[in-house]
Amino acid sequence: MKLAPARVEAFLRDPGPCRVVLLYGDDVGMIRDRAAALVRAVAGALDDPFLVVELTRDEIARLPDEAASLPLTGGRRVVRLREATDAAVAQIRTVFKSNAPGFVVLEGAGLGTRSRLRTELEAAPDGVAIGCYPEEGHALETTIRDTLKQAGVAIDPDALSWLTGQLGADRAATRAELEKLALYCGPGGALDLDAAIACTGDLSGLSLDDALFAATVGDVTTTDRALELAIAEGAAPVQVLRAGIMHLQRLQRARMAVDETGVSAAEAVKALRPPLFYRRITAFNRALGLWSGAAIGAAIQGLAEAERGCKRTGWPDQTLCRNAVLVLARRGAAMRAVRN
């Protein structure tokens, strides 16, 4: 079933008899935060080797067996799958049919409205789908005020209004900034507008997706800042590079549609499946106007080579990842300079 927003917090504290939860949406930090809360609620800890197992997208075939396993120490086993996609539908159906006792948490950032995995969970009587989208407006104000209050810090109205415009794109980034502000003010302190401006970066729209979209339009500065934030939040180098390859492959499909079938750029973008998030369409169109098919192919090869390097023992994976994405951004900047 699809859980209403008003019921989410209570569910995170006690998921009850639910067997599979899908966390989807655009706020990767919120997805991770809620996944961690569910793991703790069921297993008591995030790192209990007897009760908690984490799977990558490449290990999806293990999901039904892991969910069916009985822990030696008793309790309920939690299986956490990151980067869940529609490829997990068959395994989830197996879990439901087998009455496996385990509790499965799926992290599916970016799943579209027509996702088969979302449809499966929303229709399942013992499954739950929870949307995780950036907070804004009153909800974000409440989060800022309550988080600072827990740290013993007051906030004046002007500072609250300014922070509401700066934060919210990602739950993890928002929390990190508020913790920094609370430390700056100290217990019993008060946060004013000057302190908020001096201590807070512009994080209103930075994420891994922002890094990749900025790279393909040649915005090197935003790419660097957003990539740094994504890695700080726990994005693994291989995950970043795979996301970059997938982003370029979508750009490649649209480029081929324009070059080989003669459709307009707008029609090629509209035909993409899954569809682009509406806020990303402008940047995608700009990138489509910059990159040729040959350039996109070369860029994909560059990221793939960096991914192979990241998997080699002893190689500096974060350095390889950052360099590969920034090279992509510099190529975009060079092509933009030529066009201008």
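Since this is a predicted model, take the numbers as computed values, not measurements. (Residues numbered from 1 in each chain as written. Predicted model: local features only at pLDDT ≥ 70, side-chain atom pairs only at ≥ 80, totals over all residues. Heavy atoms only, no water.)

(A) Expanded view of the overall build of the protein chain. Within the protein chain one finds 16 helices and 7 strands. The C-alpha extent of the protein chain, read off along each of the three principal axes, is 60 × 55 × 45 Å. A burial count over the protein chain gives 47% of its 340 residues as buried. A separation of at least 24 residues holds for 75% of the contacts in the protein chain among residues at least 6 apart in sequence. (Helix = DSSP H or I, 4+ residues; strand = E, 2+ residues; numbered from the N terminus. Buried < 20%, exposed > 50% of the residue type's maximum accessible area, 1.4 Å probe, protein only. Contact = heavy atoms within 4.5 Å.)

(B) Highlighting the nonpolar core. In terms of nonpolar packing, the biggest core is built from 41 residues, with Val240, Leu241, Leu248, Leu251, Phe284 and Trp291 touching the most fellow members. Listing elements by their share of this core, those giving two or more residues are α10 (208–216), α11 (220–232), α12 (237–261), α13 (265–270), α14 (281–290), α15 (293–310) and α16 (317–339). Setting aside residues no more than four positions away along its own chain, Phe284 makes contact with Phe213, His247, Arg250, Leu251, Ala254, Val269, Leu272 and Leu276. One finds Leu55, Ile92, Leu121 and Ala129 within the second-largest nonpolar core, a separate group that totals 24 residues. (Core = buried A, V, L, I, M, F, W, Y, C linked by side-chain atoms within 4.5 Å.)

(C) Inspection of the layout of surface pockets at higher detail. Volume-wise, the second largest pocket comes out at about 340 Å³. Around the second largest pocket sit 15 residues that line it, and Pro5, Val8, Met30, Arg34 and Gly131 are the ones nearest its centre. Of all the secondary-structure elements, those providing two or more residues to the lining of the second largest pocket are α1 (5–13), α2 (28–43) and β5 (127–131). With 4 residues, α1 is the single largest residue contributor to the lining of the second largest pocket. Residue composition of the lining of the second largest pocket, grouped by class: 9 nonpolar, 1 polar and 5 charged. (1 Å grid on protein atoms, 1.4 Å probe; cavity = no way out; pocket = protein on both sides within 12 Å on 5 of 7 lines; lining within 4 Å. Points joined across faces, edges and corners; volume = space filled by probe spheres on them. Nonpolar A, V, L, I, M, F, W, Y, C, P; charged D, E, K, R; others polar.)

(D) Fine view of the sheet that holds strand β3 (residues 78–81). Strand order in the open sheet made by the 5 strands is β2-β3-β4-β1-β5, with parallel pairing throughout. Sheet topology places β2 (52–55) and β5 at the edges, where each strand pairs with a single neighbour. When the angles between neighbouring strand axes are averaged without regard to direction, this sheet yields 15 degrees. (Pairing = 2+ DSSP bridges. Axes fitted to C-alpha atoms, helices over the stretch in contact; angles between N-to-C directions.)

(E) Fine view of the pattern of salt bridges. According to the stated counting rule, one finds 21 salt bridges in the structure shown. We note a salt bridge from Arg77 to Glu66, for which the minimum N-O separation is 2.7 Å. Residue Arg77 is located in the loop between α3 (63–68) and β3, and its partner Glu66 is located in helix α3; the two are separated by 11 residues in the primary sequence. Comparing Arg77 with Glu66, the two get one shared label, buried. For Asp259, the salt bridge identified is with Arg255, shortest N-O distance 3.1 Å. On the criterion of helical spacing, the pair formed by Asp259 and Arg255 is a turn pair, its members being 4 residues apart in helix α12. (Salt bridge = Lys/Arg side-chain N within 4 Å of Asp/Glu carboxyl O.)

(F) Representation of α14 in the model. Residues of α14 that are buried: Phe284, Ala287, Leu288 and Leu290. Each buried residue of α14 lies within a common arc of 160 degrees when the element is viewed along its axis, so the set occupies one face. For α14, the elements touching its buried residues are α10, α12, α13 and α16. (Arc of directions from axis to C-beta.)

(G) Spatial organisation of the packing of α12 against α16. Contact geometry of α12 with α16 gives a least axis separation of 9 Å together with a crossing angle of 25 degrees. The angle between α12 and α16 falls in the class roughly parallel. Seen from above, α12 lies across α16 with left-handed handedness. The segment α12 lies against α16, with Pro237, Val240, Leu241 and Leu248 engaging Asp317, Gln318, Cys321, Ala324, Val325 and Leu328. For the contact of α12 with α16, the residue count by class is 8 nonpolar, 1 polar and 1 charged. (Parallel < 35°, antiparallel > 145°, perpendicular 65-115°, else oblique. Left-handed = near helix turned anticlockwise from the far one by under 90°.)

(H) Expanded view of the pairing of β3. Burial of β3 is two-sided: the residues Val78 and Arg80 facing one way and the residues Val79 and Leu81 facing the other way are all buried. Pairing of β2 with β3, which is carried by 4 bridges, proceeds in the parallel orientation. Within the sheet, the bridge partner assigned to Leu55 lies in β3 and is Leu81. Handedness of the β2-α3-β3 crossover: right-handed. The pairing of β3 with strand β4 (residues 103–109) spans 4 bridges and is classified as parallel. Counterpart to Val79 in the pairing with β4 is Val104. (Right-handed = clockwise from strand over helix to strand, strands pointing away.)

(I) The packing of α12 against α14, seen in detail. The geometry of α12 relative to α14 is characterised by a closest axis approach of 10 Å and an angle of 65 degrees between their N-to-C directions. Note on packing geometry: the crossing formed by α12 with α14 is right-handed. On α14, the residues touching His247, Arg250, Leu251, Ala254, Arg255 and Val258 of α12 are Phe284, Ala287 and Leu288. The residue inventory of the contact of α12 with α14, partitioned by class, reads 6 nonpolar, 1 polar and 2 charged.

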